[in-house]
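One letter stands for each residue in the lines below.
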Amino acid sequence: KELSLENVRLSPQGMASLKRGVEGRSLPVEKLSLSRNELPQAEVESFSDLLTDSSLPHLKSLLMSKCGLKDQQAKVIVQKIGTGGVKKLEVLDLGENECTGAFLSDTGKALKTKCVPQMRGLNLMGMSFVENKNPISQFLSALSSRECPPSLRVDMELKGKQMHPVRVRSLATGEYPPIRILSLDLENQTVSMFLRALVGTDGSPPPPQCCEVLDVDFHFGFEKNDEFDEGLQLLTKAIVLNRLIPVRKLRLQGSAWMGDEEETALAKAAQPQPKHELTKTVTAFTESLCLGNLPNMRDFAFGDFRLPESARFHLAAAFEAGRFSGLHSLSLGVDVGKGDAGEGFGKDGTDAVMEAIVSSEEGMPLLEELSIKDGKPEEGAGGSLGVALNSNKMPNVSKISIHGLTPEGMRGLGDAAREGGMARVSSLSLSEESGPSRNAARGETWMPFFEGIGESQDGLPMLKHLHLHESGPLHYDPYNRPTAAALFKLPALQSLSGEETTMCDGLTFRLDYDHIPEFADKVRHGQLLLHFTAPRPENPFLGGLPRGGIGIIPPRVGYQGQSVDSVIHAIAESENGLPPSIGYLNLSGGRVSIQALAALATSPVGVSRGKVANLERLDLRGCRMGDGHMRELGRVFSAHGPCRKMTKICLDRNRITAKGVSAFIKELPPQSFPRLEVLTLGDQESVKEDKKKEKSFDAAVKKIFDKAERDEKVGRHAWFGTYASGGSNSDIGEHLASESEDE
């Protein structure tokens, strides 16, 4: 009775096979799911021929969500249903496709009792209807028609711009009974239009409830303060009159300055002057949150507004009284439409809410997502967030996004991590405060947070995704022990991303020697599952940046390098070697033995490919490598290559001679490094400070690599040498030598 072909990557051939197997056979299939398959136009038209009594006479549910359907494809489906070929159809799911609304008029024509008398469910959620208003109006008219199936319930999303004003008002007054879930995105005048109809006229009976579940996004512009004032007054009235009982999501987006008198004076110097003072309006709104009834609200977003003290008091009182205890998602100061351009919620507003949650009897036991934005320079989120997380009043928070953390706020998060207050967090997005002091304190701000993770008993055991906005805390300090310690307290971490255009290595962990055993153990047991993502600006010398990597901190001047053989042995003993996320391995300054390289060269190849095949850059500078090491290194790449992504290999400051370089190349099979652009061999002990020997060494190396290019072992036009060859290559070499030192 059920045929599920969901997410099976249906090909045209597969759709043809489906048609051959179903057409004309009167199969007893009651539920057919094609969801999550990309269905081409021709195949959809062919499939629609099956929606007949002769093929699927018992069909009750047709699921085609996330199929990439365009309007024309959806139109073909609903037109066929409108012929009455599948009269037993009860559920049609077209949600989250790529339709713009043109098919809605045909959908309305199909929704008639004579065509689908038992129709009870139509899902149109997750689509942005941006066509002209006529198809939407025709569809809504069909929903209020006597011919509409009596049991029909519709879930859909609409935007005010795509609706006639009459339809906006009709939606508010419940004139389309089949609508079960209604998601509305309204701006400026349409907000007031909808709310005015929803509230009704004083003295008259209230209009019918508009739907069972209402999700609303109300957008206000800063330059539209008169409309904001009216809209917020109407929203306040609707809450007090309990006209928003169905609301599941209430998101107020926009920008308006509503600070105290001193703050307002500062704001006027930097922003266009508001048309009038909004303090009374927003205070009344926050007071209504204490008085009205919003029992079904699960998602509340209070956008880019700075609140006067009176409004902060009422908002905090609402949280303390438990008016928001049923929320699953809370956003404060996050303007979805403006990204990071807004002013934020303000430290005082954030602190007031967090302190109220801690003081409340019930807290927010169902809260899963928390977003806070504090964009005002020098005034980011403070330590109250950490206190709230540690209070166990938000025990189920799993996704946190904080924009504008002060040092105090970072310390608070560190305390929460240390004391287990973030144990259930699986996704974390953080950014430091903006303003002139940010760059000066760069990196230092983040240390308390990473220290807290490293010093905690269990770390953040469920954290899968860590996003560090506009910062490079894992790259900033090469002697940064806290970040290295934190790495080993994030066992579930899958992705690490950042947004920093000046980072030279993407996001790179730098480990001191104390952490080498832990790192080696994770590699050995396949537990290094990090996925690094970072901007990859083009570099004329490197051709792009690696995804991320692991670096061993080179010994400070005057200190002897320690062995890093445990890392190489761990790669050899692991099942698959380094994970694809590690594009950069830096062992510079450590001691590497021939025996360790030989162990890796003779170890079994990974299940899918070689154990170092994903590397983009390898740094073995100053590792005391001689000619024997080079031979074994060549054997490593022969056994565990080809390294199709490798662009740079650094072998400077070793004891390598031309004989060793020749042995390395001899071991390589063709196409070992097809994209290699740079291999550096500068400052070898055998030729150091002897210009004649250095030039002779460079000439020998050039001949060796000329032959390697002819044999197609390495890519063409790569640079190889000791920085002594002169000309443009010398300039490039000096640049790369300097860059390597900076790394």
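Residues numbered from 1 in each chain as written. Predicted model: local features only at pLDDT ≥ 70, side-chain atom pairs only at ≥ 80, totals over all residues. Heavy atoms only, no water.

Chemist: I would appreciate a short explanation of the overall build of the protein chain in the present structure.
Modeler: Broken down by element type, the protein chain carries 23 helices and 24 strands. Looking at the protein chain as a whole, 57% of its 743 residues are labelled buried. Partitioning the intrachain contacts of the protein chain with sequence separation of at least 6 by distance along the chain shows that 87% fall at a separation of at least 24. Of the roughly 30,800 Å² of accessible surface on the protein chain, 48% is carried by carbon and sulfur atoms. (Helix = DSSP H or I, 4+ residues; strand = E, 2+ residues; numbered from the N terminus. Buried < 20%, exposed > 50% of the residue type's maximum accessible area, 1.4 Å probe, protein only. Contact = heavy atoms within 4.5 Å. Areas by Shrake-Rupley, 256 points an atom, 1.4 Å probe, with all protein chains shown as cover.)

Chemist: Can you walk me through unusual backbone geometry in this structure?
Modeler: Put simply, glycine 641 and proline 642 share a cis peptide bond, and its omega is -5°. Along the chain, proline 642 turns up in the loop between helix H20 (627-640) and strand S22 (648-650). With a phi close to 65°, asparagine 392 is a non-glycine residue in the positive phi region. Within the secondary structure layout, asparagine 392 lies in the loop between helix H13 (384-390) and strand S13 (399-405). The class of asparagine 392 is exposed, set by a relative accessible area of 56%. Here the phi dihedral of aspartate 683 falls at roughly 55°; this positive angle occurs in a residue that is not glycine. Position of aspartate 683 relative to the elements: it lies in the loop between strand S23 (678-680) and helix H22 (691-710).

Chemist: Even after reading the chapter, I still don't get the environment of proline 295, so can you show me in this structure?
Modeler: By secondary structure assignment, the location of proline 295 is in the loop between helix H10 (279-291) and strand S10 (299-306). For the pair proline 295 and leucine 244, spaced 51 residues apart in sequence, the C-alpha separation works out to 9.1 Å.

Chemist: Looking at this structure, how should I read the environment of glutamate 616?
Modeler: Examined against the element boundaries, glutamate 616 turns out to sit in the loop between helix H19 (594-601) and strand S21 (617-619). Residue class for glutamate 616 comes out buried when judged on its relative accessible area of 7%. Residues glutamate 616 and cysteine 643 lie 27 residues apart in sequence; the distance between their C-alpha atoms is 7.7 Å.

Chemist: Any chance you could explain the pairing of strand S11 (residues 329-332) here in plain terms?
Modeler: Residues in a regular strand point their side chains to alternate faces of the sheet. Burial along S11 is two-sided: Ser329 and Ser331 facing one way and Leu330 and Leu332 facing the other are all buried. With four bridges joining them, S11 and strand S12 (residues 369-373) adopt parallel strand pairing. Across the sheet, the residue bridging to serine 331 is serine 371, located in S12. (Pairing = 2+ DSSP bridges.)

Chemist: What is the right way to read the pairing of strand S5 (residues 121-124) from this model?
Modeler: As paired strands, strand S4 (residues 91-93) and S5 are joined by three bridges and run parallel to one another. In the sheet register, valine 91 faces S5, and the bridge partner there is glycine 121. Considered for its hand, the β-α-β crossover made up of S4, helix H4 (residues 104-110) and S5 is right-handed. In this structure, S5 lies alongside strand S6 (residues 153-159), joined through four bridges in parallel fashion. Bridging from a neighbouring strand, asparagine 123 pairs with aspartate 155 of S6. (Right-handed = clockwise from strand over helix to strand, strands pointing away.)

Chemist: Could you clarify how one ought to interpret the packing of aromatic side chains in this entry?
Modeler: Any aromatic ring pair is given by two values, namely how distant the centres are and how the planes are angled relative to each other. Following the criterion strictly, the structure yields nine aromatic pairs and no others. Taken together, a centroid distance of 6.1 Å and an interplanar angle of 15° make the contact between phenylalanine 300 and phenylalanine 302 stacked. Accessibility assignment for this pair places phenylalanine 300 and phenylalanine 302 in one class, buried. Here the aromatic cluster, defined as three or more aromatic residues joined through ring pairs, consists of Phe285, Phe300, Phe302, Phe319 and Phe324. Over the face of the ring belonging to tyrosine 584 we find arginine 617, whose NZ or CZ atom lies 5.1 Å from the ring centre. (Phe/Tyr/Trp six-rings, centres within 6.5 Å; stacked < 30°, edge-to-face > 60°. Lys NZ or Arg CZ within 6 Å of the ring centre and 35° of its normal.)

Chemist: What should I look at first to understand helix H7 (residues 189-199) in this one?
Modeler: An α-helical turn contains 3.6 residues, so any two residues separated by three or four positions project in the same direction. Of all eleven residues that make up H7, nine are buried, and the element is covered over most of its length. Regarding H7, the residues found buried are Thr190, Val191, Ser192, Met193, Phe194, Leu195, Ala197, Leu198 and Val199. Within two residues after H7, glycine 200 carries a phi angle of roughly 85°, on the positive side.

Chemist: I keep staring at the packing of helix H17 (residues 516-524) against helix H18 (residues 565-573) and nothing clicks. Help me out?
Modeler: How two helices sit against one another is set out by the angle between their axes and by the gap between those axes. With their axes 8 Å apart at the nearest point, H17 and H18 run at an angle of 10° to one another. With respect to H18, the element H17 is oriented roughly parallel. Where H17 abuts H18, its residues Ile516, Phe519, Ala520, Val523 and Arg524 lie against Ser566, Val567, Ala570, Ile571 and Glu573. Looking at the contact of H17 with H18 residue by residue, the class counts come to seven nonpolar, one polar and two charged. (Axes fitted to C-alpha atoms, helices over the stretch in contact; angles between N-to-C directions. Parallel < 35°, antiparallel > 145°, perpendicular 65-115°, else oblique. Nonpolar A, V, L, I, M, F, W, Y, C, P; charged D, E, K, R; others polar.)

Chemist: Mind showing me how you'd approach the nonpolar core here?
Modeler: A general feature of soluble globular proteins is that nonpolar side chains tend to end up buried together. In this structure, Phe47 and Phe218 are the most contacted members of the largest nonpolar core, which totals 133 residues. Residue contributions to this core peak at seven residues, all from H7. Beyond its immediate sequence surroundings of up to four residues, phenylalanine 47 is in contact with Met15, Leu18, Leu32, Leu34, Leu62, Met64 and Ile77. If you look at the next biggest cluster of nonpolar residues, it comprises 50 residues, including Leu668, Val687, Val701 and Ala708. (Core = buried A, V, L, I, M, F, W, Y, C linked by side-chain atoms within 4.5 Å.)

Chemist: Just to check I follow, could you spell out the packing of H20 against helix H21 (residues 658-667) for this structure?
Modeler: Orientation of H20 relative to H21, taken along the N-to-C sense of each, is 15°, at an axis distance of 7 Å. One finds that H20 runs roughly parallel with respect to H21. The element H20 and its partner H21 pack so that their crossing is right-handed. Packed against H20, whose contacting residues are Asp627, Met630, Arg631, Leu633, Gly634, Arg635, Phe637 and Ser638, the element H21 presents Lys659, Gly660, Val661, Ala663, Phe664 and Glu667 at the interface. (Left-handed = near helix turned anticlockwise from the far one by under 90°.)

Chemist: Would you mind showing me how to read the environment of lysine 489 here?
Modeler: Here lysine 489 is to be found in the loop between helix H16 (481-487) and strand S16 (495-498). Lysine 489 sits in the partly exposed class, given a relative accessible area of 21%. Setting aside chain neighbours within four positions, we find lysine 489 in contact with Ile453, Gly454, Ser456, Gln457, Asp458, Gly459 and Leu460. Separated by 3.0 Å, the side chain of lysine 489 and the backbone oxygen of glycine 454 make a polar contact. (Polar contact = N/O pair within 3.5 Å; in protein donor to acceptor, adjacent residues only side chain to side chain.)

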